Amino acid sequence: MYNKEFMMKAIDLSDDCLETGRGGPFGVVIVKDGKIVGKGSNHVTIDNDPTAHAEIVAIRAACKTLNTFHLEGCEIYTSCEPCPMCFGAIYWARISKIYYAADRYDAEKAGFDDSFIYKEFDLSEDRRSIPVEQHDREEAIKVFGEWKASTNKIEY
């Protein structure tokens with residue numbers, strides 16, 4: 001169930017990030033059983049890491065706090081609709097619910113435009129802006145076969 005207090009904490013993190021100059025105006029809290037288990041703000045520029053979006057930072061923190069790589073039963077409160085990378089990470093983490101404040105169009109108006117990524121998804125590989133080539137598929141598939149047959153793997 002939506003909790004405005006958690007959303008305001010996410011928005012406060014985004015504002016704090018802006019005020020301190022640590023990165024873009026994005027903030028996130030991850031909640032489990034009514035308690036914040038992870039929080040994050042945008043660290044792209046201070047960490048020189050294009051993947052250090054607020055959602056990714058918060059997911060990493062929540063996983064560390066809970067000592068797990070699955071976040072079932074957690075909810076994420078983010079100051080802005082997740083970009084495609086973060087949306088994917090939320091699904092991989094198996095977070096149970098997403099709450100967001102501003103949307104992708106609000107972000108675009110502020111200079112954060114992910115629309116080109118959404119458009120790239122719909123293009124065939126030969127029409128994408130970053131060239132894509134597939135090679136050595138059979139060798140890679142062999143490793144998947146070994147993974148499937150392994151008795152000491154940790155499934156995720």
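Before reading further, recall that the structure is shown in the block above.
Residues numbered from 1 in each chain as written. Predicted model: local features only at pLDDT ≥ 70, side-chain atom pairs only at ≥ 80, totals over all residues. Heavy atoms only, no water.

Right, let's get into the packing of helix H3 (residues 54-66) against helix H4 (residues 84-93). Running from amino to carboxyl end, H3 crosses H4 at an angle of 20°, the nearest separation of the two axes being 9 Å. Classed by the angle they form, the pair H3 and H4 counts as roughly parallel. As for how H3 packs across H4, the hand of that crossing is left-handed. The residues of H4 that touch H3, namely those facing Glu-55, Ile-56 and Ile-59, are Met-85, Cys-86, Ala-89, Ile-90 and Ala-93. (Axes fitted to C-alpha atoms, helices over the stretch in contact; angles between N-to-C directions. Helix = DSSP H or I, 4+ residues; strand = E, 2+ residues; numbered from the N terminus. Parallel < 35°, antiparallel > 145°, perpendicular 65-115°, else oblique. Left-handed = near helix turned anticlockwise from the far one by under 90°. Contact = heavy atoms within 4.5 Å.)

The next point concerns the pairing of strand S1 (residues 27-32). For S1, the tally of buried residues reaches 5 of 6 residues, placing the bulk of the element in the interior. Inspection of the sheet shows S1 paired to strand S2 (residues 35-41) by 6 bridges, in the antiparallel sense. Its bridge partner being in S2, Lys-32 is matched across the sheet by Lys-35. With 5 bridges connecting them, S1 and strand S3 (residues 74-80) associate as antiparallel partners. The residue of S3 that forms the bridge with Val-28 is Thr-78. (Buried < 20%, exposed > 50% of the residue type's maximum accessible area, 1.4 Å probe, protein only. Pairing = 2+ DSSP bridges.)

The subject of this paragraph is the environment of Thr-78. Along the chain, the position of Thr-78 falls in strand S3. What makes Thr-78 buried here is its relative accessible area of 1%. In contact with Thr-78, other than residues within four places in its own chain, are Met-7, Ala-10, Gly-27, Val-28, Glu-55, Tyr-99, Tyr-100 and Ala-101. At 3.1 Å, the side chain of Thr-78 forms a polar contact with the side chain of Glu-55. From its side chain, Thr-78 meets the backbone oxygen of Cys-80 in a polar contact 2.9 Å long. (Polar contact = N/O pair within 3.5 Å; in protein donor to acceptor, adjacent residues only side chain to side chain.)

This part covers the packing of aromatic side chains. In the structure shown here, the tally under the stated rule is 6 aromatic pairs. With a centroid separation of 5.5 Å and 55° between ring planes, the pair formed by Phe-6 and Tyr-77 is classed as tilted. You can see Phe-6 sitting in helix H1 (residues 4-20) and its partner Tyr-77 sitting in strand S3, a full 71 residues away along the chain. Summarising the burial analysis for this pair, Phe-6 and Tyr-77 share the class buried. An aromatic cluster of at least three residues, connected via ring pairs, comprises Tyr-2, Phe-6, Tyr-77 and Tyr-99. Between Lys-153 and the ring centre of Trp-147, over which it is positioned, the NZ or CZ distance is 5.5 Å. (Phe/Tyr/Trp six-rings, centres within 6.5 Å; stacked < 30°, edge-to-face > 60°. Lys NZ or Arg CZ within 6 Å of the ring centre and 35° of its normal.)

Side chains bearing opposite charge may pair, as long as their charged atoms lie close to each other. Within the structure shown, the criterion is met by 5 salt bridges. The salt bridge partner of Asp-16 is Arg-22, with a shortest N-O separation of 3.3 Å. For Asp-16, a relative accessible area of 32% translates into the label partly exposed. Between Arg-94 and Glu-72 there is a salt bridge, with its nearest N and O atoms 4.0 Å apart. With Arg-94 in the loop between H4 and strand S4 (97-102) and Glu-72 in the loop between H3 and S3, the pair connects residues that are 22 residues apart, well separated along the chain. Owing to a relative accessible area of 34%, Arg-94 belongs among the partly exposed residues under this scheme. (Salt bridge = Lys/Arg side-chain N within 4 Å of Asp/Glu carboxyl O.)

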